[in-house]
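# Secondary and tertiary structure notes
Now for the letters of each chain:
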Amino acid sequence: NVMVLGIQTDKFFSVKTFNAWNELATNVKSVPGVEEVITIGKSVSFRKDTANKKLVMMPIFPEHVNSQAELDSFKEKYLSLPFYSGRLYNAETGATLMAIRINSERLNSRDRVETVNKIQEFGKLFSATTQLDIRYSGMPLIRTVMVTQIADEMKLFLLLAMVVTGLVLLLLLRSMYAVIFSLMVVAIAVIWTMGTIEWLGFEITILTGLLPPLVVVISITNCIYLLNKYHIEFVKHGNKIKALTRVIEKIGLATLFTNLTAAIGFGVFYFTRSTILKEFGLVAGLNITAIFIISIILIPC
């Protein structure tokens, strides 16, 4: 639950940069969910209190440095302490870091996005003041970036899949009704898929985020099989009931086995040791089976 900020400059111990870095640490500490900030400006030393027989903790640097001479004396004291050597500041490269501990409960909720974004906003203010680039790392950042990216990509893939399959349907069947009702089947299948993820208590991951586009492709093929066969049969004899009966008898069975084998193929992932694959396999297997039920009821209707 630690996020790390880092900069690299040979002018870190200049009054302007050092005060700006301290101000950044103070601002970050005020962000909801941030429990602690560790940086050079917050470093401490210990003084022996012989009268009370204990160690007294004292800050090395003040909140705000007023002159370069003052900062140089504090810097000398900081660099003389072996404990901090190579931890918060690298004297050879001029790199320094800031470690930010985020509350675990907030980190495991959607609020982590707000926390990480707010930290980055303060980082941009620091960069604007000092003209220095901040590098970000740590699991909170990675999880936030991944969640945002997966959500955006899932919407994009879903939209593209719907548009492409809709155009293919229009090209093959040349009927707006066929396209509209097929896309209704697709929409219901996607809603069921997302509902299953929530119902089982799973989160949207890299793999489960691919399920909606996958469902679109599989459910649209069911629609094409059923509608195409219906039109072929109807052209032969002009009897709707007879055409529907033959669609259910012939294509219905073929579609059942096609969906069943696909469901089994994805479902076997449930028996792996990987949690992310188990979740993907279970949701995929259940919903590919459900796609057949949705298609075989709604398309004939």
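It should be emphasised that the depicted structure is a prediction, and the values quoted were computed from it without experimental measurement.

Let us now look at the overall build of the protein. Along its length, the protein carries nine helices and seven strands. Taken over C-alpha atoms, the radius of gyration comes to 30 Å for the protein, far larger than the 19 Å a tight globule of 301 residues would show. Going through the 301 residues of the protein one by one, you find that 38% of them count as buried. By sequence separation, contacts in the protein at least 24 residues apart represent 68% of the contacts at least 6 residues apart. In the protein, which carries 29 positive and 22 negative side-chain charges, the distance between the mean positions of the two groups comes to 8 Å.

A few words now on the packing of aromatic side chains. Summed over the entire model, instances satisfying the criterion amount to 17 aromatic pairs. Judged by centre distance (4.9 Å) and plane angle (45°), the ring pair of phenylalanine 18 and phenylalanine 61 falls under tilted. Of this pair, phenylalanine 18 sits in helix α1 (residues 15–29) while phenylalanine 61 is found in the loop between β4 (54–59) and α2 (68–79), placing the two residues 43 residues apart along the sequence. Like phenylalanine 61, phenylalanine 18 is buried. In textbook terms, an aromatic cluster arises when at least three aromatic residues are bridged by ring pairs, as seen for Phe12, Phe13, Phe18, Trp21, Phe61, Phe74, Tyr78, Phe83, Tyr84, Tyr89 and Phe126. Geometry around phenylalanine 83 places arginine 87 over its ring, the cationic atom sitting 4.9 Å from the centre. The residue whose ring lies beneath lysine 278 is tyrosine 270, and the NZ or CZ to ring-centre distance is 5.5 Å.

With that settled, consider the environment of methionine 3. By the secondary structure assignment, methionine 3 is in strand β1 (residues 2–8). What makes methionine 3 buried here is its relative accessible area of 0%. In this structure the C-alpha to C-alpha distance between methionine 3 and tyrosine 136, which are 133 residues apart in sequence, comes to 7.5 Å. When residues no more than four places from it in sequence are discounted, the contact partners of methionine 3 are Met98, Ala99, Ile100, Ile102, Val116, Ile119, Tyr136, Ser137, Gly138, Pro140 and Leu141.

Alignment of β1 against strand β6 (residues 95–102), held across seven bridges, turns out to be antiparallel. Its bridge partner being in β6, glycine 6 is matched across the sheet by leucine 97. Of the pairings in the sheet, the one linking β1 to strand β7 (residues 135–138) comprises four bridges and is antiparallel in character. Within the sheet, the bridge partner assigned to methionine 3 lies in β7 and is glycine 138.

Attention now goes to the packing of helix α7 (residues 211–237) against helix α9 (residues 275–298). Packing of α7 against α9 brings their axes to within 10 Å, and their N-to-C directions diverge by 25°. Comparing their axes, α9 and α7 come out roughly parallel. The interaxial crossing formed by α7 with α9 has right-handed handedness. Every residue of α9 that contacts α7 at Leu211, Leu214, Val215, Ile218, Ser219, Asn222 and Leu226 is listed here: Phe280, Val283, Ala284, Ile288, Ile291, Phe292, Ser295 and Ile296. Considered class by class, the residues forming the contact of α7 with α9 number twelve nonpolar, three polar and no charged.

A word on the nonpolar core. In this structure, Leu5, Trp21, Leu24, Ile40, Ile100 and Ile119 are the most contacted members of the largest nonpolar core, which totals 34 residues. For this core, the elements supplying multiple residues, two or more each, are β1, α1, β2 (34–38), α2, β6 and α4 (111–130). When residues of this core are assigned to their parent elements, the largest contribution, six residues, is made by α1. Once residues lying within four places of it in the same chain are set aside, the contact partners of leucine 5 are Trp21, Leu24, Thr96, Leu97, Met98, Ile100, Ile119, Ile134, Arg135 and Tyr136. Within the second largest apolar cluster, 25 residues are counted, among which are Leu173, Val190, Ile220 and Leu226.

All right, on to the side chain of threonine 208 then. For threonine 208, the position within the fold is in the loop between α6 (176–199) and α7. On the basis of relative accessible area, threonine 208 is assigned to the buried category, the value being 0%. Contacts of threonine 208, omitting those with residues within four sequence positions, involve Ile197, Glu203 and Phe280.

What follows covers the state of the cysteines. Should the sulfur atoms of two cysteines be covalently bonded, the bond is a disulfide. Scanning all chains against the criterion turns up zero disulfides. Distance from the sulfur of cysteine 223, which forms no disulfide, to the nearest cysteine sulfur (cysteine 301) is 13 Å.

With that settled, consider the pairing of β6. As defined by bridge partners, β2 adjoins β6 across four bridges and the pair is classed as antiparallel. By the bridge assignment for β6, isoleucine 38 is matched with alanine 99. Where strand β5 (residues 89–90) meets β6, two bridges bridge the pair, whose relative direction is antiparallel. Counterpart to tyrosine 89 in the pairing with β6 is threonine 96. Counted between consecutive antiparallel strands, the loop separating β5 from β6 contains four residues, among which glycine 94 sits at a positive phi close to 80°.

Procedures and definitions
Residues numbered from 1 in each chain as written. Predicted model: local features only at pLDDT ≥ 70, side-chain atom pairs only at ≥ 80, totals over all residues. Heavy atoms only, no water. Helix = DSSP H or I, 4+ residues; strand = E, 2+ residues; numbered from the N terminus. Rg over C-alpha atoms; globule rule 2.2 N^0.38 Å. Buried < 20%, exposed > 50% of the residue type's maximum accessible area, 1.4 Å probe, protein only. Contact = heavy atoms within 4.5 Å. Lys, Arg positive; Asp, Glu negative; His and termini not counted. Charge placed at Lys NZ, Arg CZ, Asp CG, Glu CD. Phe/Tyr/Trp six-rings, centres within 6.5 Å; stacked < 30°, edge-to-face > 60°. Lys NZ or Arg CZ within 6 Å of the ring centre and 35° of its normal. Pairing = 2+ DSSP bridges. Axes fitted to C-alpha atoms, helices over the stretch in contact; angles between N-to-C directions. Parallel < 35°, antiparallel > 145°, perpendicular 65-115°, else oblique. Left-handed = near helix turned anticlockwise from the far one by under 90°. Nonpolar A, V, L, I, M, F, W, Y, C, P; charged D, E, K, R; others polar. Core = buried A, V, L, I, M, F, W, Y, C linked by side-chain atoms within 4.5 Å. Disulfide = S-S within 2.5 Å.

Note that every value here comes from positions in space, so none of it alone points to a role or purpose.
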